[in-house]
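Each chain, letter by letter, is given below.
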Amino acid sequence: MPAPRRCPPWAMQFFSYETPKSVVVRSWVMGAMHRAVQLLILAYFIGWVFLHEKAYQVRDTAIESSVVTKVKGIGRYAGRVLDTADYVTPPQGTSVFVVVTKQILTEQQAQGLCPESEAAFRCRSDRDCRDRSPTSGSGLLTGRCVPYNGTLRTCEIRGWCPPEVDTVDVPIMLEAENFTLFIKNSIRFPLFGFEKANLPPPGAGGDLGRCRFHPQLQPLCPILRLGDVVRLAGQDFRTLATTGGVLAIKIGWVCDLDRGGERCLPRYSFTRLDGLSHATGYNFRHARYHHCQDGTERRTLTKAFGIRFDVLVYGHAGKFGIVPTLINTVAAFTSIGVGTVLCDIILLNFLKGAEHYKACKFEEVPEVDMVPSPGSPTAPAPGGLGLCPRDKQSTDSGTFSLGH
């Protein structure tokens, strides 16, 4: 009779089937470790996921926001008294605005020919001007080297003359430190249809015009002193007013609507946005044009240094939802099984007697029709399936208990 045809090893491996086998290890060390890991996982889900992160809530992060600003204060600069219309730009009261603290004026400029004022365009002859780029910071080079004053000569330009000299030392408007900024912020979370503003509701009492923001005493007041904003951002007002800079006023709305809408309150924070760049500071130029009686168009060029304020609004709202609650609850109970995996790794690889435990946990069973008859000399003895027949006890559920 021909020998039965054997399957290739790869086919036997591919078509094999694995089923879990329960093995109870009577060990205080493994038992304590297993329960400790389960308690840690459970504590993580209860303490962090559910209580801190509020994973049982539906979140709305698509916050809709509107910001209106208004600056108030009177300052003195270059012998003039300035009000809001003079030093705030743009004047519409948007979420991004500039308070001008220093100005360099170049008055009565007109189109014509004049020597360039920048030191980089000093020359000795016309050849020095022809070898350069055709443009400068103030106009177009004509290729001629002309006297700038009694001792210096510079390249001639065609453009607005006289050119700007921005290296002069001018004062700053120190009164700006005491100017006040009023911020009106309205927000809406469309998923829940919830709306709120940073202003107290009508009839709430208190004089809104007299309050001033303070991080501990009056953290909800929407009127801020500019000097306090600069200080809370970690900056020096005099230095910032001299070079200019960009500050962020951040309004955070983190709302737990399960606790009620009245407890949804804004939180203010402040930081400088341009502090890490190499070219710190902020300035810009603008001009005012007019015509003289002879019909010549002239302008006054202003290089303005100031503090730019960006009002940034962020936040999210949460409310109880059955779907995220069920998802995270199932995830919590599923993650408890990680304790079993960790303990198995330790049991089968690091503890004393790991080979013994490994032999009792993993057992290979041949197919029924391939098992020899009971009378065969190769047949296993009753209860001898595996490598640890002496100290294992079987129950009706298929669980094996290993004692010490």
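Residues numbered from 1 in each chain as written. Predicted model: local features only at pLDDT ≥ 70, side-chain atom pairs only at ≥ 80, totals over all residues. Heavy atoms only, no water.

Colleague: How should I be thinking about the overall build of the protein in this particular structure?
Modeller: Along its length, the protein carries nine helices and 18 strands. When the 404 residues of the protein are sorted by exposure, 34% land in the buried category. Once local pairs closer than 6 in sequence are excluded, the contacts in the protein between residues at least 24 apart make up 67%. In the structure as shown, the protein presents an accessible area of about 25,900 Å², 57% of it carried by carbon and sulfur atoms. (Helix = DSSP H or I, 4+ residues; strand = E, 2+ residues; numbered from the N terminus. Buried < 20%, exposed > 50% of the residue type's maximum accessible area, 1.4 Å probe, protein only. Contact = heavy atoms within 4.5 Å. Areas by Shrake-Rupley, 256 points an atom, 1.4 Å probe, with all protein chains shown as cover.)

Colleague: Would you mind going over the confidence of the model for the protein with me for this structure?
Modeller: Predicted coordinates in regions of low pLDDT should not be interpreted in detail. For the protein, per-residue confidence averages 85 on the pLDDT scale, and residues scoring 70 or more make up 87% of the total. Note on residues 377-387: pLDDT under 50 across the span, and 10 contacts to partners over four residues away in sequence or across chains. pLDDT under 50 marks residues 389-400. Its contacts with residues more than four places away, or in other chains, come to 22 contacts. (pLDDT = per-residue confidence, 0-100.)

Colleague: Whenever I open this one, the state of the cysteines confuses me. Can you help?
Modeller: One covalent bond between the sulfur atoms of two cysteine residues makes up a disulfide. Enumeration according to the criterion identifies five disulfides in this entry. Through a disulfide, cysteine 129 is tied to cysteine 155; the S-S separation comes to 2.2 Å. With the S-S bond torsion at -95 degrees, the cross-link from cysteine 129 to cysteine 155 turns out left-handed. Linking cysteine 129 in helix α4 (residues 126-130) with cysteine 155 in strand β9 (residues 153-161), this pair joins segments that are 26 residues apart in sequence. The exposure class of cysteine 129 is buried, given its relative accessible area of 3%. (Disulfide = S-S within 2.5 Å.)

Colleague: Just checking my understanding: could you explain the pattern of salt bridges for this structure?
Modeller: It is possible for side chains of opposite charge to pair when their charged atoms get near one another. By the definition in use, this model includes 11 salt bridges. One salt bridge connects arginine 130 with aspartate 126, and the closest N-O pair in it is separated by 4.0 Å. Of this pair, arginine 130 and aspartate 126 both sit in helix α4, four residues apart, which is roughly one turn of that helix. With a relative accessible area of 28%, aspartate 126 lands in the partly exposed category. Between aspartate 166 and arginine 285 there is a salt bridge; the shortest N-O distance is 3.5 Å. Of this pair, aspartate 166 sits in the loop between β9 and β10 (180-189) while arginine 285 sits in strand β15 (residues 283-291), placing them 119 residues apart in sequence. Classification of arginine 285 as partly exposed rests on a relative accessible area of 43%. What you see here is one network of salt bridges that share partners, running through Glu164, Asp166, Arg285 and Lys303. (Salt bridge = Lys/Arg side-chain N within 4 Å of Asp/Glu carboxyl O.)

Colleague: Explanation requested: the nonpolar core in the structure shown.
Modeller: The biggest cluster of nonpolar side chains holds 46 residues, and the ones touching the most others in it are Tyr87 and Phe309. Mapped by element, the contributors of at least two residues to this core are β3 (64-72), β7 (96-115), β10, α5 (226-232), α6 (237-243), β13 (245-256), β14 (267-272) and β16 (297-320). The dominant element in this core, judged by the number of residues it contributes, is β16, at six residues. Within the second largest apolar cluster, nine residues are counted, among which are Phe121, Cys129, Leu141 and Ile157. (Core = buried A, V, L, I, M, F, W, Y, C linked by side-chain atoms within 4.5 Å.)

Colleague: What is the right way to read the side chain of glutamate 164 from this model?
Modeller: Considering the arrangement of structural elements, one finds glutamate 164 in the loop between β9 and β10. Judged by its relative accessible area of 12%, glutamate 164 is buried. In this structure the side chain of glutamate 164 is engaged in a polar contact, spanning 2.8 Å, whose partner is the side chain of arginine 285. (Polar contact = N/O pair within 3.5 Å; in protein donor to acceptor, adjacent residues only side chain to side chain.)

Colleague: Help me out: how do you make sense of the packing of aromatic side chains in this one?
Modeller: Two aromatic rings are characterised by how far apart their centres lie and by the angle between their planes. Under the defined criterion, the tally for this structure stands at eight aromatic pairs. Between tyrosine 44 and phenylalanine 45, the aromatic rings sit 5.3 Å apart at their centres with planes inclined by 80 degrees, giving edge-to-face as the arrangement. An aromatic cluster is defined as three or more aromatic residues linked by ring pairs; in this entry it consists of Phe213, Tyr268 and Phe270. The side chain of lysine 102 reaches across the aromatic face of phenylalanine 305, ending 4.2 Å from its centre. (Phe/Tyr/Trp six-rings, centres within 6.5 Å; stacked < 30°, edge-to-face > 60°. Lys NZ or Arg CZ within 6 Å of the ring centre and 35° of its normal.)

Colleague: Explain the pairing of β16 here, please?
Modeller: Residues in a regular strand project their side chains so that they alternate between the two faces of the sheet. Two strands pair when backbone bridges link them, and strand β2 (residues 57-60) and β16 are joined in this way by four bridges, in the antiparallel orientation. Paired with aspartate 60 across the two strands is alanine 317, which belongs to β16. Relative to β16, β13 is paired through 12 bridges, and the arrangement is parallel. Its bridge partner lying in β16, isoleucine 249 is registered against valine 311. As paired strands, β15 and β16 are joined by nine bridges and run antiparallel to one another. For histidine 291, the partnering residue across the bridge sits in β16 and is glutamate 297. Connecting β15 to the antiparallel partner β16 that follows it, the hairpin turn spans five residues, and glycine 295 within it adopts a positive phi of roughly 90 degrees. (Pairing = 2+ DSSP bridges.)

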